[in-house]
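Now for the letters of each chain:
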Amino acid sequence: MSAPKKAARRSQEWFGRDGKQGFYYRSWLKGLGLPHDLFDGRPVIGICNTWSELTPCNSSFRELAEHVKRGVYEAGGFPLEFPVMSLGETQMRPTAMLFRNLASMDVEESIRANPIDGVVLLMGCDKTTPALLMGAASVNLPTIGVSGGPSLSGNWRGKQVGSGTGVIEMSEMVRAGTLSQEDFIEAEACMQRSRGSCMTMGTASTMASMVEALGMSLPENAAIPAVDSRRFRLAHLSGRRIVEMVREDLRMSKVLTRQAFANAIRANAAIGGSTNAVIHLLAIAGRLGVDLTLDDWDAIGSRLPCLVNLKPSGQYLMEDFYYAGGLPAVLREISQHLDLDAPTVNGRSLGENIADAPCWNRDVIRPLAEPFKPEAGIAVLRGNLAPDGAVIKPSAASPQLLRHRGRAVVFEDIKDFKARIDDEALDVDGNSILVLKHCGPRGYPGMAEVGNMPLPPKLLRQGVTDLVRISDARMSGTAYGTVVLHVSPEAATGGPLALVREGDFIELDVPGRRLHLDVSDDELARRRAEWTPPPAPTRGWSKLYIDHVQQAHLGADLDFLVGGSGDEVAGDSH
Ligand code: FES
C-alpha cells in the first residue's frame, strides 16, 4: 500500500494515490459512471445539501444543487453532492434549535472525512444556515454559501400574509373571537404559496442576509425568491466561483474576519433582522476564533436605523424587497457605517460589490436620512435579573413600554404557561410583565422560540396589544412585541430568572439598558438556598447537549465544538 503523502490539492490525498488505497478511493465512485480524468487533481467541490421533505423550506435544493454542478463542471471542477442533517423549523420537536449543533457536527465531519477541496453550502430554513456555517468554519476550506431564497408572498383574500407573522396575528384573532376556525385553516395554504423559506424578515431571511453581509455569498443571495430563475442562476455562478476560490485558496477564515462580523451586525440593524442572528453569529465566530461578544451587538449596531419596511416590523415581504434592490441597496445606503474593504467570496471587496447597487422602491428600502425606524439594532440589557445579558429588539417593541415597571405574572415553564394563559381568572392586567422560565438552552432543552408569549384573551378583548414579556427563550424572527429574550444565565442553571416570584416588581429600561428585579439581595439569597435544579435528560443527544451547551450570551454552542479541527485527517479508510 502506498504511504499517504502531502498533495498539492487536498482531494489528491485520496484520488492521487497509487496501489490498493487509490483503487479504493476511486473505484466505488466510478460506479456512479464517472470517467477517470475527473480524478486528475481538478478541484473537488462538495455540495452540502439540506434537502428534505421534512424541511419544506429547503425542498427546492435538489434542483438548486444541479445548477451548482453545472457551474462547477464549466469551471473545470468535479462536483460531489452530499446530504447532511436537515432542520425543519416548523416540524421538529421540541425545537429545531436543539439540533443546530448536532447538524453542525455532521457538516464538519462530513467535510473533513471526505476528499473535498471546496464547499458549497445550500442553506435555507432557519437553523440550516448557522449549522452549515458553523460546521464548515471548523474545517475552514474555501466555502461559498447559496441560500434557497424566500417563498412567494403570501396572499389571502387579496391581502398579503407574511410567514409566521400572519399566523401570530390570525391566531390572536381566533383567540379574541374575531376570526373563525374555518377561515383560519383556509389561510394556511394561502400563506405558504411556493417552495422557499419564510418570506418575512424572519430568521431565515435574516440569516440569508447575514450570509451576504458577511461576504460569504455572491451579491443578491439574500432576497431572490426561491422559485425565481435568477435564484438558479446565482447557484450556477456560485458553482463556477467556488472552483476559482479553491485555486486561490480563499478559505472561510479569510472572509469571516471581525470586520465582516461587524458589517453583518450593522446590516442586521438596517434590515430589522431577527434576534436569533445574535446567537448564531456568536457561535459562528466562536468556531473561527474571532473575538466577538454579546456586547458588540449593542456597541456596533444598536444606534443604526432600520431602513427596510418589511414584516414583522413593517409592511412588505421579501419578494418586494428583492424587486426594490435587496440587500445590496441597503448596504450601499449604510455604506458610511461599513468596513468597505472587507473581502467577499467573489474576490471583490464589499465596497466594490455594492458601489453601484440601485434602489427601485424607496417605500420598501428607505434612505438613511429618512429611515423606517431609528435606532433599530439589538439592545443588550443587564441587571440583577440578567447578569450575563439579555436582548431586545426595540424596533419590534411598543415605544411606550421601552421604559416600564410592572408586576410579574410568573410561569414556571411552557406547560404552566399553556395551562393558565387562557384562564379568565389569571391575575393579569395591562401593566403586568409576563415572565417565563425554563425555556433556555438547558431548560427546554434547546432554547425554543416561545419568548413572544401570546397575550391573555381577556386583555386582547380589552384592546391590549402588547405586554412586556421576559424569558430565557428565543423568539421567532417573524414575531414582534416588547419581548426580552435570551436572559442569561437561564433559569435551569439557577440564574436569577429562576428566583422571580408572582407579584415581584420588575423594571425594564431599554434606553438605560437595564433589567432589574426589585427584590432585595437578602431575599434573593433566601430563595436561592431553596432552589433545586430541574430534572435533566439521561441519555442520547439531549444528554450530551445538556452536559455541554453554553449559555445564550456565548452563542449556545457546545463547549467542545468551539474552535476548529481543520482539514487534515490522518489514517486511511482501509
Ligand atoms: Fe423554514 Fe421559516 S419555517 S424558513
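How each quantity is defined
- Residues numbered from 1 in each chain as written.
- Predicted model: local features only at pLDDT ≥ 70, side-chain atom pairs only at ≥ 80, totals over all residues.
- Heavy atoms only, no water.
- UniProt positions renumbered as here; feature names shortened; annotations may be inferred.
- Helix = DSSP H or I, 4+ residues; strand = E, 2+ residues; numbered from the N terminus.
- Rg over C-alpha atoms; globule rule 2.2 N^0.38 Å.
- Buried < 20%, exposed > 50% of the residue type's maximum accessible area, 1.4 Å probe, protein only.
- Contact = heavy atoms within 4.5 Å.
- Areas by Shrake-Rupley, 256 points an atom, 1.4 Å probe, with all protein chains shown as cover.
- Lys, Arg positive; Asp, Glu negative; His and termini not counted.
- Charge placed at Lys NZ, Arg CZ, Asp CG, Glu CD.
- Polar contact = N/O pair within 3.5 Å; in protein donor to acceptor, adjacent residues only side chain to side chain.
- Pairing = 2+ DSSP bridges.
- Axes fitted to C-alpha atoms, helices over the stretch in contact; angles between N-to-C directions.
- Parallel < 35°, antiparallel > 145°, perpendicular 65-115°, else oblique.
- Expected span 1.5 Å × (residues − 1).
- Arc of directions from axis to C-beta.
- Phe/Tyr/Trp six-rings, centres within 6.5 Å; stacked < 30°, edge-to-face > 60°.
- Lys NZ or Arg CZ within 6 Å of the ring centre and 35° of its normal.
- Core = buried A, V, L, I, M, F, W, Y, C linked by side-chain atoms within 4.5 Å.

In the nomenclature of an unreviewed UniProt entry, the chain is known as Dihydroxy-acid dehydratase of Luteimonas marina. What the UniProt record of the chain gives under Sequence similarities (unreviewed entry) is the line "Belongs to the IlvD/Edd family."

1. Topic: the overall build of the chain
On a plain count of helices and strands, the chain comes out with 20 helices and 14 strands. In summary, the chain has a C-alpha radius of gyration of 24 Å against a globular reference of 25 Å for 574 residues, a match within 12%. With respect to the principal axes defined by its C-alpha atoms, the chain has extents near 75 × 55 × 45 Å. Taking all 574 residues of the chain together, the buried fraction comes to 62%. Partitioning the intrachain contacts of the chain with sequence separation of at least 6 by distance along the chain shows that 75% fall at a separation of at least 24. For the chain, the computed accessible surface area is about 21,500 Å², with 51% contributed by carbon and sulfur atoms. Averaging the locations of the 61 positively and 69 negatively charged side chains of the chain gives two centres separated by 3 Å.

2. Observations regarding the side chain of asparagine 353
Counting through the fold element by element, asparagine 353 comes out in helix 16 (residues 350-354). Of the polar contacts made by the side chain of asparagine 353, one reaches the side chain of threonine 344; its length is 3.0 Å. Excluding anything up to four places from it in sequence, asparagine 353 contacts Pro219, Thr344, Asn346 and Arg348.

3. Quick notes on the sheet that holds strand 3 (residues 118-123)
Strand order in the open sheet made by the 4 strands is 2-1-3-4, with parallel pairing throughout. In this open sheet, the two edge strands, each paired with only one partner strand, are strand 2 (78-83) and strand 4 (143-147). This sheet shows a mean twist of 20 degrees between the axes of neighbouring strands, independent of strand direction. The sheet contact formed by strand 1 (residues 44-49) and strand 2 spans 6 bridges and is parallel. Directly across from glycine 46, in strand 2, lies its bridge partner leucine 80.

4. Describing the packing of helix 6 (residues 165-176) against helix 7 (residues 181-191)
Each pair of packed helices can be summarised by the angle the axes make with each other and by the distance between the axes. Look at helix 6 against helix 7: their axes get within 10 Å of each other, and the N-to-C directions meet at 175 degrees. Regarding the angle of helix 6 to helix 7, the classification is roughly antiparallel. Residues Val167, Met170, Ser171 and Val174 of helix 6 form the contact with helix 7, whose own contacting residues are Gln181, Phe184, Ala187 and Met191.

5. Description of the pairing of strand 11 (residues 468-471)
Neither face of strand 11 is left uncovered, since the one carrying Val468 and Ile470 and the one carrying Arg469 and Ser471 both have all their residues buried. Pairing of strand 10 (residues 433-436) with strand 11 involves 4 bridges; the strand directions are parallel. Along strand 11, the bridge assignment pairs valine 435 with isoleucine 470. Looking at chain direction, strand 11 and strand 12 (residues 483-488) are connected through 2 bridges and run parallel. By the bridge assignment for strand 12, isoleucine 470 is matched with valine 484.

6. Some points on the UniProt feature "domain: Dihydroxy-acid/6-phosphogluconate dehydratase C-terminal" (unreviewed entry) in the chain
Within this numbering scheme, the UniProt entry marks residues 363-556 as carrying the feature "domain: Dihydroxy-acid/6-phosphogluconate dehydratase C-terminal" (unreviewed entry). Secondary structure content for residues 363-556 is 16% helix and 23% strand, and the end C-alpha separation is 37 Å.

7. What about helix 2 (residues 19-30)?
If you check helix 2, its first and last C-alpha atoms are 16 Å apart, about what 12 residues at 1.5 Å a residue would give, namely 16 Å. Of the positions making up helix 2, those classed as buried are Gln21, Gly22, Tyr25, Arg26 and Leu29. Seen end-on, helix 2 carries its buried residues on one side only, within an arc spanning 110 degrees. Residues of helix 2 that are exposed and point over 90 degrees away from its buried face: Phe23 and Trp28. Contacts made by the buried residues of helix 2 are with helix 1 (12-15) and strand 2.

8. Points about the UniProt feature "domain: Dihydroxy-acid/6-phosphogluconate dehydratase N-terminal" (unreviewed entry) in the chain
Sequence positions flagged by UniProt for "domain: Dihydroxy-acid/6-phosphogluconate dehydratase N-terminal" (unreviewed entry) are, in local numbering, residues 42-353. Secondary structure over residues 42-353 splits into 49% helix and 9% strand, and the C-alpha atoms at its two ends are 28 Å apart.

9. Some remarks on the packing of aromatic side chains
Applying the stated criterion across every chain, the model contains 8 aromatic pairs. Each ring, one from tyrosine 322 and one from tyrosine 323, has its centre 6.0 Å from the other, and the planes form 50 degrees; the classification is tilted. Tyrosine 323 sits in the partly exposed class, given a relative accessible area of 44%. Relative to tyrosine 545, the ring of tryptophan 541 has its centre 6.0 Å away and its plane inclined at 50 degrees; by these criteria the two rings are tilted. With tryptophan 541 and tyrosine 545 both in helix 20 (residues 540-548), this residue pair falls 4 residues apart, about one helical turn. Among the aromatic residues, ring-to-ring pairing joins Phe15, Phe39 and Phe78 into one connected group. Arginine 62 extends its terminal NZ or CZ atom over the ring of tryptophan 51, reaching a point 3.8 Å from the ring centre.

10. Some details on the environment of proline 115
For proline 115, the location among the structural elements is in the loop between helix 4 (100-113) and strand 3. Residue classification places proline 115 among the buried residues on the basis of a relative accessible area of 10%. Sequence spacing of proline 115 and serine 11 is 104 residues, and the spatial spacing of their C-alpha atoms is 4.3 Å. Beyond its immediate chain neighbours, meaning those up to four positions away, proline 115 contacts Arg10, Ser11, Trp14, Phe15 and Val44.

11. Remarks on the nonpolar core
Counting residues in hydrophobic clusters, the biggest one holds 117 residues, and the most contacted among them are Leu122, Met216, Phe261, Leu281 and Phe321. The element best represented in this core is helix 11 (residues 258-271), accounting for 9 residues. In this structure phenylalanine 261 touches Leu214, Leu256, Leu281, Ile284, Ala285, Val290 and Leu292, once residues within four positions along its chain are discounted. Membership of the second largest hydrophobic core comes to 29 residues, among which are Val484, Val487, Ala498 and Leu515.

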